[in-house]
Amino acid sequence: MQAAIDILTDGRPPRVWSMLVTIFGDLALAEGARLSGPQLAALTEPMGIRPEALRTALHRLRKEGWIASRRDGRTTSHGLTPWGREQSRAAAPRIYSDRAPETLFLIVTEPGSPLPGAAFAITANVALSADPAPDALALSRPPPWMRGRVCPEVPLSAATDVARRFAAVAELPRPTDPLQMAILRVLIVHAWRRIVLRVPDLPDRAFPDGWRGAEGRRLMRVLLDGLPKPPVETLPPVGGGRDDPRPPETALPPQNGESG
């Protein structure tokens, strides 16, 4: 199990706030689902996340309206707010889909005219889209200069790295313990989420040569199919003890639309 964690994190703790968004969005998306402080510590401690960093990230999530916290006996539990649930559900189709869009269209507008909001702008009046628009032209594959703008070098390299890590994890035995399954699952979702939500929602052929997003997507689905989502009530707390004794703060309205 630790070998898989090290492969997926490169031995470095993930960004805590962003990882918690992944954890709640994957394990506790259902209305009414909650995770206790000890459960969150059990999920994040093996990733190298310290308790003080976890508390700070939970505070930020409350402040930005993602979660609400409450006392449940001797512990504090946390759940997505309606707004946080809405954000997670909106992103879920792209994160968990086993395929990219198939259709591709070229959209060209007159100078000064707006491009469709869902299209990916190549220039001020040229865009690519998976959805047709008035006067859009079906496109088999964009020229190299367009594909380079769809996915610059940084996300291109990141997609290659994630595909390599997923392939290495796929060679390891799958855990059967619910907590270990949940940890590995959210690390996989997190790694893929940080790729797919940073590139346009376009067919793979719209990306530059060397794009390994299709491979990463396929391996992500293979790995998750072997790691069914455990119910939150099956995830054990750490030692069964009480967590941070300070009273939870109520959620405030969202401050911004950051998605991690």
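What counts, and at which threshold
- Residues numbered from 1 in each chain as written.
- Predicted model: local features only at pLDDT ≥ 70, side-chain atom pairs only at ≥ 80, totals over all residues.
- Heavy atoms only, no water.
- Phe/Tyr/Trp six-rings, centres within 6.5 Å; stacked < 30°, edge-to-face > 60°.
- Helix = DSSP H or I, 4+ residues; strand = E, 2+ residues; numbered from the N terminus.
- Buried < 20%, exposed > 50% of the residue type's maximum accessible area, 1.4 Å probe, protein only.
- Pairing = 2+ DSSP bridges.
- Salt bridge = Lys/Arg side-chain N within 4 Å of Asp/Glu carboxyl O.
- Expected span 1.5 Å × (residues − 1).
- Polar contact = N/O pair within 3.5 Å; in protein donor to acceptor, adjacent residues only side chain to side chain.
- pLDDT = per-residue confidence, 0-100.
- Contact = heavy atoms within 4.5 Å.
- Axes fitted to C-alpha atoms, helices over the stretch in contact; angles between N-to-C directions.
- Core = buried A, V, L, I, M, F, W, Y, C linked by side-chain atoms within 4.5 Å.

## Thoughts on the packing of aromatic side chains
- Applying the stated criterion across every chain yields a total of three aromatic pairs.
- On the numbers, 5.2 Å between centres and 75° between planes, the contact of Trp-66 with Trp-83 is edge-to-face. Pair noted here: Trp-66 is in the loop between α4 (51-63) and β2 (67-72) and Trp-83 is in helix α5 (residues 82-96), with a separation of 17 residues, a long-range link.
- You can call Trp-83 partly exposed: its relative accessible area is 21%.

## Re the pairing of strand β6 (residues 126-129)
- The alternating pattern of β6 places Val-126 and Leu-128 on one face and Ala-127 and Ser-129 on the opposite face, and all of these are buried.
- Of the pairings in the sheet, the one linking strand β4 (residues 105-108) to β6 comprises four bridges and is antiparallel in character. Across the sheet, the residue bridging to Ile-107 is Ala-127, located in β6.
- With three bridges connecting them, strand β5 (residues 120-123) and β6 associate as antiparallel partners. Bridge assignment links Phe-120 to a residue of β6, and that residue is Leu-128.

## Notes on the pattern of salt bridges
- Under the criterion given, the structure shown has 15 salt bridges.
- With its nearest N and O atoms 3.1 Å apart, the salt bridge here joins Arg-70 to Asp-72.
- The partner of Asp-98 in a salt bridge is Arg-99, and the shortest N-O contact between them spans 3.5 Å.
- Arg-99 gets classed as exposed once you look at its relative accessible area, which sits at 55%.
- A single salt-bridge network, built from bridges that share partners, covers Asp-10, Arg-12, Asp-161, Arg-164 and Arg-165.

## A closer look at the pairing of β2
- Pairing of β2 with strand β3 (residues 75-80), which is carried by six bridges, proceeds in the antiparallel orientation. Directly across from Ile-67, in β3, lies its bridge partner Leu-80.
- Between the end of β2 and the start of β3, which pair antiparallel, lie two residues, with Gly-73 showing a positive phi angle near 65°.

## Considering the sheet that holds strand β7 (residues 137-138)
- Taken together, the four strands give an open sheet; going across it, the order is β5-β6-β4-β7, and neighbouring strands pair in antiparallel fashion. Each of the sheet's edge strands pairs with one partner strand only, and the pair in question is β5 and β7.
- Where β4 meets β7, two bridges bridge the pair, whose relative direction is antiparallel. The residue of β7 that forms the bridge with Phe-105 is Ala-138.

## A short note on helix α8 (residues 178-196)
- In a regular helix each residue adds 1.5 Å, so 19 residues correspond to 27 Å; α8 covers 26 Å between its end C-alpha atoms and thus fits that length.
- Burial analysis of α8 places 16 of its 19 residues in the buried class, which makes it a mostly covered element.
- Sitting at the head of α8, Asp-177 places a side-chain oxygen 3.1 Å from the backbone nitrogen of Leu-179.

## Observations regarding the confidence of the model for the protein
- Within the protein, residue pLDDT values average 90, and 91% of them lie at 70 or more.
- Per-residue pLDDT stays below 50 along residues 238-242; that stretch engages in seven contacts with residues further than four places along the chain or on separate chains.
- Segment residues 245-260 is flagged for pLDDT under 50; beyond a separation of four residues in sequence, or across chains, it makes 42 contacts in the model.

## Some details on the sheet that holds β2
- Spatial strand order, β1-β3-β2: three strands in an open sheet with antiparallel pairing. Both edges of this open sheet fall to β1 (35-36) and β2, since each of them pairs with a single strand only.
- Sheet strands in contact with helix α2 (residues 16-27) are β1, β2 and β3, and its direction is about 75° off that of β3.

## Overview of the nonpolar core
- Ranked by size, the top nonpolar core spans 67 residues in total, and within it Leu-20, Ile-23, Phe-24, Leu-40, Leu-43, Phe-166 and Ile-188 carry the most contacts.
- Looking at which element gives the most residues to this core, the answer is α8, with 13 residues.
- Those residues in contact with Leu-20, other than ones at most four positions away along the chain, are Leu-40, Thr-44, Leu-54, Ala-57, Leu-58 and Leu-61.

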